[in-house]
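Spelled out from the first residue to the last, the chains are:
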Amino acid sequence: MSGESDCTRTSPSAGSPSDNELLPDRPKYVCTLSPDLVTKAREELQEKPEWRLRDVQALRDMVCKDYPSLGTCLDDAFLLRFLRARKFDYDRALQLLVNYHTCRRTWPEVFSNLKPSAIKPVLESGFVTVLPDRDPQGRHVVCIRPDRWTPSNYPITENIRAIYLTLEKLIQSEETQVNGIVILADYKGVSLSKASHFGPFVAKKVIGILQDGFPIRIKAVNIINEPRIFKGIFAIIKPFLKEKIANRFFLHGCDLNSLHQNIPPVILPEEYGGTAGQLDISAWNELLLASEEDFLHDFSELVLPCDSSPHDLLVSGDADEKQCDDSLRGMKPQLYYCY
């Protein structure tokens, strides 16, 4: 997760005499996928092992040509995340990579000083954790519990920081890059006052990151114990969701049997009718906090090339903020009505 970028050194088009001279410091990629996952990646992501490094080099060349000042890591393993997330479509993978860095540059409240120790209170609250076992499709289950957040303790952006670091840790695994993740969100006890912190501007930012600014495949979002107020929350979120993602939302209410059709009880904690014991957040917290060194790089030192078009970026500026403010004024009555 280095922020290093040296396109003159790393791109074959730079004219250096040999690959060994071109890439003196880059770690050699070693595939860690099982044979079954190699087959799955071929079938679902269009990943051909025999062309994998050629594809990575093609993306690297595009970065160096079109965004020489992006300040991104150009290692094979890092770039593979973006190719897999966009099914090896070079152009879409490049845009995702640019969006990934643009998000971090344009939301300093979330991305400044972003490291596990900085969000320790959020982790200790149990707002976000990862279940110990994967589901039958090999996907990690990210558990989010908004009722564990006390707004007077810290702003909502701290929760977003914790979720982002959780995803950063998960996506280091090639297995997760291929299988994707599942989200389980428990909205028990979410009040109107708490929901009001998640307005259209924050919603657009978060959804933008998850859909267009982070190399992860979200395969399902399971909502449980949602109160009436969630209708208002979802009304805020839905306009920003792509149809494919919107179709992956499952609202279960208090029906555990409905939840178990999507996530088997054997991997769920007792709180959700499962047989995996009580929910233990300590193991994930320890793992994430032990990864401090992985996140010791600067999130804010992004300098995009001067010829980049604002339309190429995920965030389009004041017009979007005004639109979100207008949307918020329209959504508030819906929140009160649903409550």
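Residues numbered from 1 in each chain as written. Predicted model: local features only at pLDDT ≥ 70, side-chain atom pairs only at ≥ 80, totals over all residues. Heavy atoms only, no water.

### Some remarks on the overall build of the protein chain
Thought 1: Within the protein chain one finds 17 helices and five strands.
Thought 2: Residues classed as buried in the protein chain amount to 51% of the 339 residues present.
Thought 3: Nonlocal contacts in the protein chain, meaning residues at least 24 apart in sequence, comprise 78% of its contacts between residues at least 6 apart.
Thought 4: Surface summary for the protein chain: the accessible area is close to 15,900 Å², and the carbon and sulfur share equals 51%. (Helix = DSSP H or I, 4+ residues; strand = E, 2+ residues; numbered from the N terminus. Buried < 20%, exposed > 50% of the residue type's maximum accessible area, 1.4 Å probe, protein only. Contact = heavy atoms within 4.5 Å. Areas by Shrake-Rupley, 256 points an atom, 1.4 Å probe, with all protein chains shown as cover.)

### Here's the deal with the pattern of salt bridges
Oppositely charged side chains may form a pair once their charged atoms are brought near each other.
Thought 1: Here the structure, examined in full by the defined rule, presents 13 salt bridges.
Thought 2: With a closest N to O distance of 2.3 Å, Asp76 and Arg60 form a salt bridge. Here Asp76 is found in helix H5 (residues 76-85), whereas its partner Arg60 is found in helix H4 (residues 52-66), with 16 residues between them in sequence.
Thought 3: Arg60 gets classed as buried once you look at its relative accessible area, which sits at 2%.
Thought 4: Connected through shared salt-bridge partners, Glu47, Arg52, Arg84 and Glu174 make up one network. (Salt bridge = Lys/Arg side-chain N within 4 Å of Asp/Glu carboxyl O.)

### What about the pairing of strand S4 (residues 218-224)?
Across a regular strand the side chains alternate sides, sitting on one face of the sheet and then on the other.
Thought 1: In terms of residue burial, S4 counts as a mostly covered element, since six of its seven residues are buried.
Thought 2: Direction of pairing for strand S3 (residues 181-186) relative to S4: parallel, over a ladder of six bridges. Bridged to Ile181 within S4 is Ile218. (Pairing = 2+ DSSP bridges.)

### Description of the confidence of the model for the protein chain
Thought 1: Across the protein chain, the average pLDDT comes to 84, with 80% of residues at or above 70.
Thought 2: Confidence drops under pLDDT 50 across residues 8-24; counting only partners more than four residues distant or on other chains, this segment forms 20 contacts.
Thought 3: Here residues 297-339 is modelled with pLDDT under 50, and outside its nearest four sequence neighbours on either side it reaches 67 contacts, counting other chains as well. (pLDDT = per-residue confidence, 0-100.)

### Quick word on the sheet that holds S4
Thought 1: If you walk across this open sheet you meet the five strands as S1-S2-S3-S4-S5, and the pairing is mixed. Taken across any chain shown, the strands that pair with only one partner, and hence form the sheet edges, are strand S1 (128-130) and strand S5 (249-251). The average angle at which neighbouring strand axes cross in this sheet is 20°, direction not considered.
Thought 2: Bridge count for S4 against S5 is three bridges, and the pairing is parallel. Residue pairing across strands places Ile223 opposite Leu251, the latter belonging to S5. (Axes fitted to C-alpha atoms, helices over the stretch in contact; angles between N-to-C directions.)

### Things to note about the pairing of strand S2 (residues 140-144)
Thought 1: Of all five residues that make up S2, five are buried, and the element is covered over most of its length.
Thought 2: Here S1 runs beside S2; their pairing, made up of three bridges, is antiparallel. In the strand pairing of S2, Val130 is matched with Val142.
Thought 3: Inspection of the sheet shows S2 paired to S3 by five bridges, in the parallel sense. For Ile144, the partnering residue across the bridge sits in S3 and is Ala185.

### Structural notes on the nonpolar core
Thought 1: Within the largest apolar cluster, 77 residues are counted, with the highest numbers of intra-cluster contacts made by Ile181, Phe198, Phe214, Ile233 and Leu241.
Thought 2: Residue assignment places this core across two domains, with domain 1 (35-106) and domain 2 (113-297) each supplying three or more.
Thought 3: The residues touching Phe198, leaving out its near neighbours within four places in the chain, are Ile156, Ala203, Val206, Ile233, Ile236 and Ile237.
Thought 4: Leu131, Val141, Ile267 and Ile281 belong to the second largest nonpolar core, which has 14 residues in total. (Core = buried A, V, L, I, M, F, W, Y, C linked by side-chain atoms within 4.5 Å. Domains from an automatic or database assignment.)

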